[in-house]
Amino acid sequence: MADSFATNNRFFDNKHYPRGFSRHGDFTIKEAQLLERHGYAFNELDLAKREPVTEEERQFIEVCRGLREPQTEAERVWSKYMTRIKRPKRFHTLSGGKPQMEGVEDYSDSDD
């Protein structure tokens, strides 16, 4: 991996991980460091903004396209990252019941 995924830019995702990858809890420290160090290159390869230089990068693109399962650590970390950012956000409510309709009155007009 020495020649693969070379970049001078650090990778940060302030939209999904505003406190950083290591502080969010989705990734181990080693995975977070790998994302920060090589994530910029991973992202460019995934978006086809960068041409693959090595065989490892060509295989990485195949994983991004779904042509093969992730096998290297870089492929597993990027797949995990993409899975995490594409999952729907959970929405929790405090009521737990069915939504109430507004304007419905609880009395009836009868002479009981």
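Definitions and cut-offs
Throughout this description, residue numbers start from 1 for each chain and increase along the sequence as written. Per-residue local features are limited, in this predicted model, to residues with pLDDT of at least 70; the limit for side-chain atom pairs, both in listing and counting, is 80 or more; totals at the level of whole chains, interfaces and linings are taken over all residues. Side-chain numbers here rest on the full set of heavy atoms in the structure, without hydrogens or water. Secondary structure counts use DSSP, requiring at least four H or I residues in a row for a helix and at least two E residues in a row for a strand, with both numbered from the N terminus. The classification of residues rests on relative accessible area computed with a 1.4 Å probe and restricted to protein chains. Under 20% of the type maximum is buried, over 50% is exposed, and intermediate values are partly exposed. Contact between two residues is taken to exist if any of their heavy atoms lie within 4.5 Å; hydrogens are not considered. Multiplying one less than the number of residues by 1.5 Å gives the expected span of a helix. Note on aromatic pairs: the rings of Phe, Tyr and Trp (six-membered ring only in Trp) are paired at centre separations within 6.5 Å, and the planes decide the class, stacked below 30 degrees, edge-to-face beyond 60, tilted for the rest.

K.L.:
Quick one: what's the story with the overall build of the protein chain, residue by residue and with numbers?
P.N.:
Per the secondary structure count, the protein chain includes four helices and zero strands. Each helix and strand of the protein chain, placed in order from N terminus to C terminus, yields the pattern α-α-α-α. Taken over 112 residues, the protein chain has a buried fraction of 30%. Restricting the contact set of the protein chain to residue pairs at least 6 apart, pairs at least 24 apart contribute 58%.

K.L.:
Lay out helix α4 (residues 73–86) with the relevant residues and their values.
P.N.:
Compared with an ideal rise of 1.5 Å per residue, which puts 14 residues at 20 Å, α4 spans 20 Å between its outermost C-alpha atoms and is within 8% of the ideal. Buried residues along α4 sit in contact with α1 (21–24), α2 (29–46) and α3 (55–64).

K.L.:
Lay out the environment of H24 in plain terms, naming residues and giving numbers.
P.N.:
Checked against the element boundaries, H24 lands in helix α1. We classify H24 as partly exposed; its relative accessible area is 33%.

K.L.:
Run through the packing of aromatic side chains, naming residues and quoting values.
P.N.:
Applying the stated rule across the entire model yields 13 aromatic pairs. Considering the side-chain rings of F5 and F42, the 4.9 Å spacing of their centres and the 80° angle between planes classify their relative orientation as edge-to-face. Placement of the pair is F5 in the segment before α1 and F42 in helix α2, with a sequence separation of 37 residues. This pair shows no difference in class: F5 is buried, exactly as F42 is. Taking the centre distance of 5.3 Å and the plane angle of 50° together, the rings of Y17 and F21 count as tilted. Residue classification places F21 among the buried positions, given a relative accessible area of 2%. Through pairs of rings, three or more aromatic residues link up here, namely F5, F11, Y17, F21, F27, F42, F60, W78 and Y81.

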